[in-house]
Amino acid sequence: MKQTDKLLNRAGYVFFMKGELSFKTTADLKVPKSLVEQVIGQEEAVNVIRKAAKQRRHVLLIGEPGTGKSMLGMALAELLPKENLVDVVAFPNPNDENQPMIRTVPASKGRDLVNASKFESSGMFKHQNVIMFVLLIVALIAPWWGFNYYSQVGGPLLGGIMFTAFFIGGLVFMVSFVIFVNLSKRMETKTKSPKIIVDNFGGKQAPFFDATGAHAGALLGDVLHDPFQSGGLGTPAHERVVAGMIHKAHLGVLFIDEIATLQPSTQQELLTALQEGKYSITGQSERSAGAMVRTEPVPCNFILVAAGNVDTVKHMHPALRSRIRGYGYEIYMKDTMVDSPENRQKIAQLVVQEVTKDKKIPHFDREAVEAIITEARKMANRKGHLTLRMREIGGLVRAAGDLATEQGKKFVGKEDVKRALLIARTLEQQIADKLIEHRKEYEVIITKGEKVGRVNGLAVIGGEVAYSGIILPIEAEVTPGGEEKSIIATGKLGEIAKEAIKNVSAIIKKYFGEDIRKKHDIYVQFLQTYEGVEGDSASIAVATAIISALKGIPIKQDYAMTGSLSVRGEVLPVGGVSSKVEAAYEAGIKNVIVPSTNLKDVIMDKAKRDEIRIIPVEKISEVLKEALDWKGNEKILKKIVAA
């Protein structure tokens, strides 16, 4: 077997590609020690991360979910030089209690400082406590001494009176003693003990904090509300100070995914922290007692790794993005990589990484890894590529591992991966299966016979790796009149779908030499499309249905089709082809028409591929020739082909 890809060609269709993998099971593979070497398929991003770590630059990562953005953030923290981490300590300010003082000490020294301060404070009250304890004992003994002494001097009555007096005095003294002890502890805290607000005890590498979804207080720091703020019993201001993640990430990395979801004011404050490298902590709630407290500036010299999708760029605070771009790098994450032997080996590396990380599932044998690679091809939705949506691949790995564990297998096999695909289906796939079953049950989907003006289109629901194909029945009717100015299309269509239907008029005029809208009204219905229709991939299906209705030529119902249509009659590529063909197969359709440029995008199991015929086309005339029954109408077909 050669190291190069094996291609099994049937009418130019590649249904299986296999590069030799140099292991028997993933147990033979080793997981790289550093996180940056565990990132799959993002070589350009990894190079930038290395530069950012060396020069302490901010980074903006833009891309689809699951492509490794958070992993790159953690890798950057791991790559940072081992700087001298510090603890940040808040002290009471004798001159202004609402402005706690901030000091930094070497990491792990903060606890020693606080403990020493508490010990010193406790010494202030040590002698007083001993004296008070002695007096307490005297107060307990005094009533009995008074009773005995005064009974001898003045009789039992005087002794009883004196006992009562001494006893009441002792009770008052005991209450005073308890209050004194409590106040002494409070005074000890209030007057002396500092508070560690950033504790790097035992820290050996730069900190990493994920602030995704954090509210303003958690991100920027806060001052807690104090219900006992009056009468001298209030908690000291420095004790109520809470550091934010920007402070805890000092000399490390702060990672924020979907950064555009932060309030604009919070983004502005984050920008200030980036610029100054320090940020004072104050109460984030206007109604809180902490709103009156504002600490001295707290160090927050962190590297910001912001992340999100393309829409994130539109909604980011422009000044914040400018700061990142001016003092760092912007990276667009890849979502696919070339399907090569080297990259297939990387998918195997991902599998062993997921197995090692999970610690609850067995390793995979080679055939199981090849099955995972096949799914990576399908998810890529692009010929000759593998997906880089590694979170979805990881989910499939864990599902297959769970199935193998249930059966007590030593290694995960190919069958486990196949079964995992059934039980770990996405919501879109489950919805699509339900729609197909429902439409077949009520004969909304017809897969046998011939009908005029009715065609089985193909569509997808979901997006990216969550694509799931559905059958899209379309009906057309042409009536005399010509009163309508355009084709009337119904079925909850999006703007792109509506515009795509307009191109059909140009095709019909080209083939039949007339503007049918002047003589006829055209109605197109997308049957039971409650989920809505968007995109232009149903263009050739609409054209086929209209021409069939116009000329009374039946359409073969064991055909389904997908493809975009240009005004010149060319069939253009569309997305989600593999999912659409899978849906046709599940519905029992035997023939599927796809754009020729999409042919190599279709990835299917060989068993399924042998049961369905895939027909590549380049022009709408080829679609019509294949899908319509032209018996008795050969002259019309010749006219269309010649046009």
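Everything below is about the structure shown above.
Residues numbered from 1 in each chain as written. Predicted model: local features only at pLDDT ≥ 70, side-chain atom pairs only at ≥ 80, totals over all residues. Heavy atoms only, no water.

Hydrogen bonds between backbone atoms are what pair the strands of a sheet, whose relative direction is either parallel or antiparallel. Taken together, seven strands build an open sheet; the order of strands is β22-β23-β21-β20-β25-β28-β29 and the sheet is mixed. Looking at strand neighbours, the two that pair on one side only are β22 (488–490) and β29 (613–617), the edges of this open sheet. Looking at each pair of strands side by side, their axes are set apart by 30° on average, direction ignored. In this sheet, strand β21 (residues 468–480) lies alongside strand β20 (residues 454–461) in antiparallel orientation, the contact comprising eight bridges. Bridging from a neighbouring strand, Val 455 pairs with Ile 474 of β21. Contacting β20, β21, β23 (520–526), β25 (559–561) and β28 (591–595), helix α17 (residues 539–551) runs over the sheet at an angle of about 30° to β21. (Pairing = 2+ DSSP bridges. Helix = DSSP H or I, 4+ residues; strand = E, 2+ residues; numbered from the N terminus. Axes fitted to C-alpha atoms, helices over the stretch in contact; angles between N-to-C directions. Contact = heavy atoms within 4.5 Å.)

Here the structure, examined in full by the defined rule, presents one aromatic pair. Here Arg 111 stacks its cationic end above the ring of Phe 201, 4.1 Å away from the centre of that ring. Positioned above the aromatic ring of Tyr 327, the side-chain terminus of Arg 323 is 4.0 Å from the ring centre. (Phe/Tyr/Trp six-rings, centres within 6.5 Å; stacked < 30°, edge-to-face > 60°. Lys NZ or Arg CZ within 6 Å of the ring centre and 35° of its normal.)

Attention shifts here to the sheet that holds strand β6 (residues 195–198). Pairing within the open sheet is antiparallel, and its three strands lie in the order β5-β4-β6. What marks the edges here is a single partner per strand, and that holds for β5 (101–106) and β6. Within the sheet, the average angular offset between the axes of one strand and its neighbour, ignoring direction, is 40°. Bridge count for strand β4 (residues 86–91) against β6 is three bridges, and the pairing is antiparallel. Looking at β6, one finds that Ala 90 is bridged to Lys 195.

Here we take up the layout of surface pockets. In this structure, the second largest pocket encloses a volume near 490 Å³. Looking at the second largest pocket, it is lined by 27 residues, and the ones nearest its centre are Gly 66, Gly 68, Ser 70, Met 71 and Arg 391. Of all the secondary-structure elements, those providing two or more residues to the lining of the second largest pocket are α2 (69–79), α11 (341–358) and α13 (390–406). Class assignment of the residues belonging to the lining of the second largest pocket gives a composition of eight nonpolar, ten polar and nine charged. (1 Å grid on protein atoms, 1.4 Å probe; cavity = no way out; pocket = protein on both sides within 12 Å on 5 of 7 lines; lining within 4 Å. Points joined across faces, edges and corners; volume = space filled by probe spheres on them. Nonpolar A, V, L, I, M, F, W, Y, C, P; charged D, E, K, R; others polar.)

Let's shift gears to the pairing of strand β10 (residues 253–256). Alternating positions in β10 separate into two faces, Val 253 and Phe 255 on one and Leu 254 and Ile 256 on the other, with burial throughout. Of the pairings in the sheet, the one linking strand β7 (residues 208–210) to β10 comprises three bridges and is parallel in character. Across the sheet, residue Phe 209 finds its bridge partner in β10, namely Leu 254. As defined by bridge partners, β10 adjoins strand β13 (residues 303–308) across four bridges and the pair is classed as parallel. Residue Leu 254 lies in a different strand from β13, and its bridge partner there is Leu 304. (Buried < 20%, exposed > 50% of the residue type's maximum accessible area, 1.4 Å probe, protein only.)

One non-glycine residue, Arg 56, lies in positive phi territory at about 55°. Located in the positive-phi region is Lys 359, a residue other than glycine, with phi close to 65°. Its location among the elements puts Lys 359 in the loop between α11 and β16 (363–364). With relative accessibility at 73%, the residue Lys 359 sits in the exposed group.

A few words on a nonpolar patch on the surface. A surface patch of nonpolar side chains, amounting to about 1,200 Å² of accessible area, comprises Phe 133, Ile 137, Leu 140, Ile 141, Trp 145, Tyr 149, Val 153, Phe 167, Ile 168, Leu 171, Val 172 and Met 174. Listed by contribution, the elements that provide at least two residues to the nonpolar patch are α4 (126–154) and α5 (156–191). Taking the relative accessible area as the measure of exposure, Met 174 reaches 33% and is therefore partly exposed. (Patch = residues over 30% accessible without salt bridge, like charges linked within 9 Å, V, L, I, M, F, W, Y side chains within 5 Å. Areas by Shrake-Rupley, 256 points an atom, 1.4 Å probe, with all protein chains shown as cover. Salt bridge = Lys/Arg side-chain N within 4 Å of Asp/Glu carboxyl O.)

The next subject is the nonpolar core. Ile 474, Val 524, Ile 546, Ile 593 and Ile 620 are the most contacted members of the largest nonpolar core, which totals 45 residues. Ignoring any residue separated from it by four or fewer positions in sequence, one finds Ile 474 in contact with Gly 453, Arg 454, Val 455, Val 524, Gln 525, Phe 526, Ala 538, Ala 541 and Val 542. Judged by nonpolar contacts, the second largest core, of 31 residues, contains Leu 350, Ala 368, Ile 373 and Ala 420. (Core = buried A, V, L, I, M, F, W, Y, C linked by side-chain atoms within 4.5 Å.)

This part takes up the pattern of salt bridges. Under the defined criterion, the tally for this structure stands at 21 salt bridges. Across the pair Arg 398 and Glu 354 runs a salt bridge, and its minimum N-O distance is 2.4 Å. Here Glu 354 lies in helix α11 and Arg 398 lies in helix α13, a separation of 44 residues in the sequence. Judged by relative accessible area, Arg 398 falls into the partly exposed class, the value being 28%. Here Glu 392 and Arg 389 are joined by a salt bridge, their closest N and O atoms 3.8 Å apart. On the basis of relative accessibility, which here comes to 28%, the residue Glu 392 falls in the partly exposed class. A cluster of three or more residues bridged by salt bridges with shared partners is formed by Glu 375, Lys 378, Glu 582, Glu 586 and Lys 608.

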